[in-house]
Number of protein chains: 2
Amino acid sequence: MAKKLKKYVYILENPVYLVATSTIVGKKEGAGPISKYFDMVAGDDTFGQKSYEKAERRMMEEAIFSCISNAGKDENDVDLIIGGDLLNQLVTSSYSARKFNIPFLGVYAACSTMSESYAVGSMMLETGAFSNVICVTSSHFSSSERQFRSPLELGAQRQTYSQWTVTGSGCGMLSKSGKGPKITKVCFGKVTDYGVKDIANMGAAMAPAAYSTLTTFLEETNTTPEDYDLIVTGDLGKLGSDILRDLMKKYGAPLGKNYTDCGHMIFSSEQKTFQGGSGAGCSASVFNSYIYDKLKNGKLKKVVFMATGALMSTTTNQQGDSIPAISHLVLFEA
Amino acid sequence: MAKKLKKYVYILENPVYLVATSTIVGKKEGAGPISKYFDMVAGDDTFGQKSYEKAERRMMEEAIFSCISNAGKDENDVDLIIGGDLLNQLVTSSYSARKFNIPFLGVYAACSTMSESYAVGSMMLETGAFSNVICVTSSHFSSSERQFRSPLELGAQRQTYSQWTVTGSGCGMLSKSGKGPKITKVCFGKVTDYGVKDIANMGAAMAPAAYSTLTTFLEETNTTPEDYDLIVTGDLGKLGSDILRDLMKKYGAPLGKNYTDCGHMIFSSEQKTFQGGSGAGCSASVFNSYIYDKLKNGKLKKVVFMATGALMSTTTNQQGDSIPAISHLVLFEA
């Protein structure tokens, strides 16, 4: 059973444990500062496949397989796979799910899909009818670039305020019993749109969504940013994080050293990604490796995880629409 | 609270009422046999917009607005919008959701999205924390054709075994109290793939998914097709429905006169759609109008609603992949 706090924040009353995770990333991500926390690093971004789309799929399949195995379970124990990705029609997730004899639920919130997936998965467990639910997302630099921007072969110059789509997949298993950090509160995001139209500037488009969800959460829970060991957004990158800091300062709840961003953490400045990482696989691989590790060993006790997603398509962009964004929030406690 | 029956079927223990619906369709759909059951029929498929994508969005916004109003509520009463559509990155749903001050959850199961949305929505209510949830999907013939096949201007000839993407949006409000048919059981589908590669032949790709979910449901509930007033698939069309009938006959549970398909119902044979309607808006507009009406006035008492979705993209098709499919099932009782 769950309970509504006031209007937008849900308190989970049945325990929901994140009992295991698995992460797999590409070569560039594996050369970054949190490299040692990933379960697997690819030697080459094709993962032995003939296309980048098939490579991304291979990566997600592997993440699901090894997450189930890390949890000491087999596929027969899993009630549901909840997953999504950036490719049109969520093909990475759907095609990966056909490898498993497990019901599948496709979800989409762009780069906020990992927290959407955890939010939906935890609600399934709150019904009392589910035991183990897999939550998974991915992105791949090369499949994303050619779908959303331009083929790599074109050699298009990147804007200095752009981010680098992470090649990575992260997977977690939520269970009604076991060991691990618990999800204790959930806040579903609203779609916000401040009129940003530049698809290279995802950070600026998404920061207002993070602001909307975070302020809603703090107000309803009557807490301040200092009450949490870590507040981590998905992939605002450096510029987007700075915008969020500015907005929160004006709001009267400035973010301190306990705020960071997955896109900011995954690459070092020497890796020339400009504003940092992005993509549904960014928060998925950073949260389910580095942050999960710190939650498991008690170094972090209360973590607000709020991945952020920009909800445009190439068609809406070509038709002159602005970029709506969303951020779903999940509170993890050690 | 929900309860697992054996392995894949969930029994809802808290009541989940479908208290109101709204449907809006295009001109061709409005000239079909169930025309009088739709809430609104457009005079012209552009809905006064500059592009078909914006027209689809306008249609969904209108469906949501009028569903909330048909329920006698305002947006302040709604906890969550759960929606999805066929356009890349679910832009119809995301852009429509930004018009409402309501949290949004994007879901995707291609043309099975309406039953996925109802399945997820009913689980949210089972947690005990939600009061009113909006479930919505749409599709538009012209935005779909140019995204998935070819621009209308090309005048490409259609295969005789193809279907016609419905221009329509259907919306329903699930509530923990009120009047209306109840959702009593849910079965999430698995991704099935029998190797069909022809994207004009959606019925053949999707029939095995319907077969998988329906046989799972009948086995677990220990029932036969005769135990239901109506079993209705989403958009298998005529050919796909015939394949499902063949499969069920071989399985030993032949489908009788109480089986039909939304794609089969929405157009008459004079309308030259070949195998009938398809698209996420097909089952959404047929279920939430005609079938909802029969459930409300008690002419139908037990309806198995299982929309069916083909999960490919143009990229997977171009790369030679086969078409995986899925079918989520929801049981409505008057």
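Bear in mind that the values here come from a model prediction, so they are computed numbers and not experimental data.

J.: Even after reading the chapter, I still don't get the overall build of chain A, so can you show me in this structure?
T.: Of the regular secondary structure elements, chain A holds 10 helices and 15 strands. Relative to the compact-globule value of 20 Å for 334 residues, chain A shows a C-alpha radius of gyration of 18 Å, a close match. Overall size of chain A, expressed as C-alpha extent along the three principal axes, is 50 × 50 × 35 Å. Counting only residues that meet the buried cut, chain A has 66% of its 334 residues in that class. Taking the contacts inside chain A whose residues are at least 6 apart along the sequence as the reference set, 77% of them involve residues at least 24 apart. A total of about 10900 Å² of accessible surface is found on chain A, and carbon and sulfur atoms cover 48% of it.

J.: Explain the pattern of salt bridges to me, please; I cannot follow it from the model alone.
T.: Opposite charge on two side chains makes pairing possible when the charged atoms of those side chains draw close. This structure, assessed with the given rule, holds 20 salt bridges over all chains. Residue Asp321 of chain A is joined to Arg57 of chain B by a salt bridge in which the shortest nitrogen-to-oxygen separation is 3.0 Å. Pair noted here: Asp321 of chain A is in the loop between α10 (314-318) and β15 (325-333) and Arg57 of chain B is in helix α1 (residues 52-70), and the two residues belong to different chains. Residue class for Arg57 of chain B comes out buried when judged on its relative accessible area of 7%. We note a salt bridge from Glu13 of chain B to Lys3 of chain B, for which the minimum N-O separation is 3.9 Å. In this pair, Glu13 of chain B is assigned in the loop between β2 (9-12) and β3 (17-25) and Lys3 of chain B in strand β1 (residues 2-4), connecting sequence segments 10 residues apart. On the basis of relative accessibility, which here comes to 45%, the residue Glu13 of chain B falls in the partly exposed class.

J.: Quick question: what am I supposed to make of the side chain of Ser289 of chain A here?
T.: Residue and element names in this part refer to chain A. Within the secondary structure layout, Ser289 lies in helix α9 (residues 280-296). On the basis of relative accessibility, which here comes to 4%, the residue Ser289 falls in the buried class. Reaching out from Ser289, the side chain makes a polar contact with the backbone oxygen of Val286 at a distance of 3.3 Å.

J.: Would you mind going over the nonpolar core with me for this structure?
T.: Nonpolar side chains tend toward joint burial in soluble globular proteins. By size, the foremost hydrophobic cluster in this structure holds 130 residues, and its most contacted members are Ile64, Ile134 and Phe217 of chain A together with Ile64, Ile134 and Phe217 of chain B. Among residues more than four places away in sequence, those in contact with Ile134 of chain A are Ile64, Cys67, Ile68, Val78, Leu80, Ile81, Ile82, Cys171, Gly172 and Met173 of chain A. Core analysis: the second largest hydrophobic core is formed by 98 residues, Leu12 of chain A together with Val16, Val232 and Val286 of chain B among them.

J.: What am I meant to see in the pairing of β3 of chain B here?
T.: Sheet faces and side chains relate simply in a regular strand, where the side chains alternate between the two faces. Residue and element names in this part refer to chain B. Burial of β3 is extensive: 9 of the 9 residues sit out of reach of the surface. By the bridge criterion, 8 bridges tie β3 to strand β9 (residues 168-175) in an arrangement that is antiparallel. Residue pairing in the sheet places Ile24 in a bridge with Ser169 of β9. Bridge count between β3 and strand β4 (residues 40-41): 2 bridges; the pairing is parallel. In the sheet register, Val25 faces β4, and the bridge partner there is Val41.

J.: What should I look at first to understand the side chain of Ser285 of chain B in this one?
T.: Within the secondary structure, Ser285 of chain B sits in helix α8 (residues 280-296). If we ignore the near neighbours within four places in the chain, the residues touching Ser285 of chain B are Thr23, Val25, Phe38, Val166, Gly170 and Ile266 of chain B.

J.: Is there a simple way to think about the relation of the copies chain A and chain B in this case?
T.: What relates the two chain copies is a rotation about an axis together with a slide along it. For the pair chain A and chain B, the best superposition has an RMSD of 0.0 Å and corresponds to a rotation of 180° with a translation of 0.0 Å parallel to the axis. Within this description, the copies of the chain are treated as partners about a two-fold rotation axis. Taken as a fraction of all interface residues of chain A, those also at the interface in chain B reach 100%, which identifies the copy contact as same-surface.

J.: Before we go on, may I ask you to explain helix α2 (residues 52-70) of chain A in this structure?
T.: Since the α-helix advances by 3.6 residues per turn, residues separated by three or four positions end up pointing in the same direction. With 19 residues, α2 of chain A extends 26 Å between its outermost C-alpha atoms, agreeing within 8% with the 27 Å of an ideal straight helix rising 1.5 Å per residue. Directly after α2 of chain A, the chain includes Gly72 of chain A, whose backbone phi takes a positive value near 70°.

J.: How should I be thinking about helix α7 (residues 237-251) of chain A in this particular structure?
T.: Residues and elements named next belong to chain A. The end-to-end C-alpha distance of α7, which contains 15 residues, comes to 21 Å, matching closely the 21 Å that a straight helix rising 1.5 Å per residue would cover. Residues of α7 that are buried include every one of Gly237, Gly240, Ser241, Leu244 and Met248, and no others. One side of α7 carries all its buried residues, which in axial view fall inside an arc of 100°. Exposed and oriented more than 90 degrees from the buried face of α7 are Asp246, Lys249 and Lys250. Buried residues along α7 sit against α6 (202-221), β11 (230-233) and β12 (259-261). A positive phi of about 100° marks Gly252, the residue just after α7.

J.: Even after reading the chapter, I still don't get the packing of aromatic side chains, so can you show me in this structure?
T.: Each aromatic ring pair is characterised by the separation of its centres together with the angle its planes make. Residue and element names in this part refer to chain A. The final tally for this structure, using the stated rule, is 24 aromatic pairs over all chains. Ring centres of Tyr37 and Tyr290 lie 4.9 Å apart, and the angle between their planes is 85°; this geometry places the pair in the edge-to-face category. Of this pair, Tyr37 sits in the loop between α1 (27-30) and β4 (40-41) while Tyr290 is found in helix α9, placing the two residues 253 residues apart along the sequence. Using a relative accessible area of 22% as the deciding quantity, one classes Tyr37 as partly exposed. If you follow Lys28 out to its NZ or CZ, it ends over the ring of Phe267, 5.9 Å from the centre.

J.: Got a minute to help me understand the packing of α2 of chain A against helix α5 (residues 141-148) of chain A in this structure?
T.: The packing of two helices is summarised by the inter-axis angle and the distance between the axes. All names here are of chain A. Between α2 and α5, the shortest axis-to-axis distance is 8 Å and the interhelical angle comes to 135°. Between α2 and α5, the angle is such that the two are oblique. At the point where α2 passes α5, the crossing takes the left-handed sense. On the side of α2, the interface is formed by Tyr52, Glu53 and Glu56, while α5 contributes Ser142, Ser143 and Arg146. Counted by class, the contact of α2 with α5 contains 1 nonpolar, 2 polar and 3 charged residues.

J.: Sorry if this is basic, but what is going on with the pairing of strand β5 (residues 80-85) of chain B here?
T.: Residues and elements named next belong to chain B. Among the 6 residues of β5, 6 are classified as buried, and the element is accordingly described as predominantly covered. Burial along β5 is two-sided: the residues Leu80, Ile82 and Gly84 and Ile81, Gly83 and Asp85 are all buried. Relative to strand β6 (residues 104-106), β5 is paired through 3 bridges, and the arrangement is parallel. Residue pairing for β6: Ile82 is matched across the bridge by Leu105. Since β5 and β6 lie parallel, the crossover through helix α2 (residues 91-97) that links them has a hand, and here it is right-handed.

J.: When you look at the state of the cysteines in this model, what are you seeing that I'm missing?
T.: A disulfide bridge is the covalent bond that connects two cysteines by way of their sulfur atoms. Residue and element names in this part refer to chain B. Taken as a whole, this structure holds 0 disulfides over all chains when the rule is applied. Cysteine Cys187 shares no disulfide, and the gap to the nearest cysteine sulfur, in Cys135, comes to 17 Å. Its relative accessible area of 1% is what places Cys187 among the buried residues.

J.: Help me understand the interface of chain A and chain B, please; the structure alone is not making it clear to me.
T.: Many analyses report the size of an interface as the accessible area lost when the parts associate. Taken together, the 61 residues of chain A in the interface contact 61 residues of chain B. Approximately 5000 Å² of surface area, both sides summed, lies buried where chain A meets chain B, with 55% of it carried by carbon and sulfur atoms. Inspection of the region where chain A meets chain B yields 8 salt bridges. Here Asp79 of chain A ties to Lys4 of chain B by a salt bridge, and the two come within 2.4 Å at their closest N and O atoms. Counting across the chain A and chain B interface gives 37 residue pairs in polar contact (both at pLDDT 80 or more). Of all the secondary-structure elements, those providing two or more residues to the side of chain A that touches chain B are β1 (2-4), α2, α3 (91-97), β6 (104-106), α4 (113-126), α5, α10 and β15 of chain A.

Here is what the cut-offs are and how they apply
Here the residue numbering is sequential within each chain, running from 1 through the sequence in written order. Just so you know, chain letters begin at A and ligand numbers begin at 1, following the order they were written in. Local features are withheld for residues below a pLDDT of 70 in this predicted model, meaning they are given only at 70 or higher, and side-chain atom pairs are given and counted only at 80 or more; totals for whole chains, interfaces and linings count all residues. Think of the side-chain values as coming from all heavy atoms in the structure, minus any hydrogens and water. What counts as a helix is a DSSP run of H or I of at least four residues, what counts as a strand is a run of E of at least two, and both are numbered from the N terminus. Based on C-alpha atoms, the radius of gyration is set beside the globule rule, defined as 2.2 Å times the residue count to the power 0.38. Remark: exposure states derive from per-residue accessible area (1.4 Å probe, protein chains only) relative to the maximum for the residue type, with buried under 20%, exposed over 50%, and partly exposed in between. Contact definition: two residues touch when any of their heavy atoms are within 4.5 Å. With residues, only the protein chains shown are counted as cover, and all accessible areas are computed by Shrake-Rupley using a 1.4 Å probe. For this document, the term salt bridge refers to a Lys or Arg side-chain nitrogen within 4 Å of an Asp or Glu carboxyl oxygen. As used in this structure description, the phrase polar contact means that two N or O atoms lie within 3.5 Å; if the pair is within protein, one of them must be able to donate a hydrogen and the other to accept it, and residues adjacent in sequence are counted only when both atoms belong to side chains. For our purposes a nonpolar core is just a set of buried Ala, Val, Leu, Ile, Met, Phe, Trp, Tyr and Cys residues, chained together by side-chain atoms within 4.5 Å. By definition, two strands form a pair when at least two bridges between them are found by DSSP. To superpose the copies, least squares is applied to the C-alpha atoms of every residue with a pLDDT of at least 70 in both. The span expected for a helix works out to 1.5 Å for each residue beyond the first. The arc in question is the one spanned by the directions pointing from the helix axis to the C-beta atoms. Pairing of aromatic side chains requires ring centres within 6.5 Å, counting the rings of Phe and Tyr and the six-membered ring of Trp. Pairs whose planes differ by under 30 degrees are stacked, by over 60 edge-to-face, and all others tilted. Here, a charge over a ring means that NZ of Lys or CZ of Arg falls within 6 Å of the ring centre while also lying within 35 degrees of the ring normal. Geometry is summarised by axes, namely lines fitted to C-alpha atoms with helices restricted to the contacting stretch, and by angles between N-to-C directions that run from 0 to 180 degrees. Should an angle fall under 35 degrees it is called roughly parallel, over 145 degrees roughly antiparallel, and 65 to 115 degrees roughly perpendicular, with every other angle called oblique. For any helix crossing, the convention is left-handed if the near helix is rotated counterclockwise from the far helix by under a right angle, and right-handed if that rotation is clockwise. Gly is put with the polar residues, along with every residue not named as nonpolar or charged; the nonpolar set is Ala, Val, Leu, Ile, Met, Phe, Trp, Tyr, Cys and Pro, and the charged set is Asp, Glu, Lys and Arg. Here, the term right-handed applies to a crossover whose path from the first strand over the helix to the second runs clockwise when the strands point away from the viewer. A pair of cysteine sulfur atoms is labelled a disulfide when the two atoms are within 2.5 Å. By buried area we mean how much accessible surface two parts lose on assembly, using a 1.4 Å probe and totalling the loss over both.

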